[in-house]
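So the chains spell out like this:
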Amino acid sequence: MTVVLADPNIDPATVEALIFPGEAANVDKTVGTPEFPPKLDVFLLQDETCSFSDDIGNIGAAAGGIYDSVIAEAPDSQFGVHGFRDYGDAWVHRNISALSPVKNDWLNGVGALTASGGGDFPESQYDSIVAATTGPDACEWRADTDVTRVLVVATDATFHVPGDGASYTNNFATTSGVLTVNNVTLIGLKAPGAGGELDALAAATGGSVQALSSNSDNIADAILAGLSNLPVEVAMESDCANPISTGFSPTSQEITSGDDAEFLETISVAVGAAGGTYQCSDWATLDGEDMLDENDALITEDKTIHVPGIDLTPETDTNELGFDLDHTVVSTVSAGDYG
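1. Comments concerning helix H6 (residues 219-227)
(1) Moving on: The buried fraction of H6 amounts to seven of the nine residues, a majority that puts the element mostly inside the structure.
(2) Moving on: Residues Ile 219, Ala 220, Ala 222, Ile 223, Leu 224, Gly 226 and Leu 227 constitute the buried set of H6.
(3) Moving on: Looking at the buried positions of H6, the neighbouring elements they touch are strand E4 (40-47), helix H1 (56-73), strand E7 (148-155), strand E8 (184-190) and strand E9 (208-211).

2. A few points about the pairing of strand E5 (residues 78-84)
(1) Moving on: Among the seven residues in E5, seven count as buried, and that is most of the element.
(2) Moving on: Pairing of E4 with E5 involves seven bridges; the strand directions are parallel. Its bridge partner being in E5, Phe 43 is matched across the sheet by Gly 80.
(3) Moving on: In this fold, E4 hands off to H1, which returns the chain to E5; that crossover is right-handed.
(4) Moving on: Of the strand pairs in this sheet, E5 and strand E6 (residues 93-100) are connected by five bridges, and their pairing is antiparallel. Each residue of the ladder has a partner; that of Gly 83, found in E6, is Arg 94.

3. Quick notes on the sheet that holds E7
(1) Moving on: A sheet is described by the order of its strands in space; here six strands give the open sequence E6-E5-E4-E7-E8-E9, paired in mixed fashion. Each having just a single partner strand, E6 and E9 make up the two edges of the open sheet. Between one strand and the next, the sheet's axes are offset by a mean angle of 15°, whatever the strand orientation.
(2) Moving on: Of the pairings in the sheet, the one linking E8 to E9 comprises four bridges and is parallel in character. Residue Lys 190 lies in a different strand from E9, and its bridge partner there is Ala 211.
(3) Moving on: Sheet strands touched by helix H3 (residues 125-133): E4, E5, E6, E7 and E8. Its angle to E7, the strand with the most contacts, is close to 150°.

4. Observations concerning the nonpolar core
(1) Moving on: Core analysis: the biggest nonpolar cluster contains 32 residues, and Leu 40, Val 70, Trp 106, Val 152, Leu 189 and Leu 227 have the highest contact counts within it.
(2) Moving on: Residue contributions to this core peak at seven residues, all from H1.
(3) Moving on: Contacts of Val 70, omitting those with residues within four sequence positions, involve Phe 36, Leu 40, Ser 77, Phe 79, Leu 224 and Leu 227.
(4) Moving on: Counting 18 residues, the second largest nonpolar core, distinct from the first, contains Tyr 126, Ala 132, Cys 139 and Val 153.

5. Notes on the side chain of Lys 303
(1) Moving on: Take Lys 303: it is sitting in strand E16 (residues 300-307).
(2) Moving on: Residue classification places Lys 303 among the buried positions, given a relative accessible area of 1%.
(3) Moving on: In terms of polar contacts, Lys 303 uses its side chain to reach the side chain of Asp 282, at 2.5 Å.
(4) Moving on: Among residues more than four places away in sequence, those in contact with Lys 303 are Val 15, Cys 240, Thr 246, Glu 265, Ile 267, Tyr 278, Gln 279, Cys 280, Ser 281 and Asp 282.

Scoring rules and cut-offs
For every chain, the first residue of the written sequence is number 1, and numbering continues from 1 along that sequence. Per-residue local features are limited, in this predicted model, to residues with pLDDT of at least 70; the limit for side-chain atom pairs, both in listing and counting, is 80 or more; totals at the level of whole chains, interfaces and linings are taken over all residues. Side-chain numbers here rest on the full set of heavy atoms in the structure, without hydrogens or water. Each residue is placed in one exposure class: buried if its accessible area under a 1.4 Å probe, protein chains only, is under 20% of its type's maximum, exposed if it is over 50%, and partly exposed if it falls in between. We count a stretch as a helix when DSSP gives it H or I for four or more residues in a row; a strand needs E for two or more, and each element gets its number in order from the N terminus. We call two residues contacting when some pair of their heavy atoms lies within 4.5 Å. Only strands that DSSP links by at least two bridges are regarded as paired with each other. For crossovers, right-handed means that the path from the first strand over the helix to the second runs clockwise, given strands pointing away from the viewer. Orientation is described by axes fitted as lines to C-alpha atoms, over the contacting stretch for helices, and by angles from 0 to 180 degrees between their N-to-C directions. Here the nonpolar core consists of buried residues drawn from Ala, Val, Leu, Ile, Met, Phe, Trp, Tyr and Cys, with membership extended through side-chain atoms lying within 4.5 Å. In protein, a polar contact means a hydrogen-donor-capable atom and an acceptor-capable atom, both N or O and within 3.5 Å, with residues adjacent in sequence counting only if both atoms are side-chain atoms; elsewhere, any N or O pair within 3.5 Å suffices.

Here it is, written out as structure tokens:
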């Protein structure tokens, strides 16, 4: 498994500028974002029919590395496991492991996957996706609006639809609607034999489809590639205070996490500002969360703004003169004294 992690940063890291009262300066700013959004709920919906009998061992072997790679960049993430088969089997879908930040919960959930049944070639994916997303067997997504919800669906079969018999209830329209209403992005893990249903659901929810090998030995790379192809909202914040103010264009933007976000910052100095040196900082937020480095420290761009003052020395001078005599006063006017 090869994982190349993005390096979160703000460029430039420091800004020093001389700005006169009533004037402004512009600075181009680049925010390099991490590989994954900062808070992930990752729920694996795994095909547990007979055709995955040779894959489940590889999935279990990869589970630890998947967890470690995600937590390294998105430490406030959770993982869960759900399985599906088909109507006519002992069960249609089941919640094996609820979303949890604990590594062993994730490993135990993946380790409990089995392969059996399935009957005909298509399976109950539509109904199982809806069940995993909402309802009594749902994975209980976190309610926080800054959490990115991801349903990872692994299958090698086409999808049953209503009218195929048994109790099939959902189709593409109803399933994509449930995912969208619940703000869930679908990542499809498409093994040989799967149809186009995963592609359509991924496209409808802003996700992606990753190809699996015949025995899923590339599942770690596939999941991490999908998680690194998720949207993230990037915005800038600043603690600059009067007489220094900042503005950013655009105010925020949605990019793929791991890519760069470009901003134009305008640094303004108020009219009548006292001369001096002012210091303040900017930082980036990702989906409303402060962007941190690998040590969980806030990544900042630190600015030093020099505001010139004007000094007249001496300001006044008094001398008594006799008739027809002159008095010369030498005054110094200095601008740019910000020491």
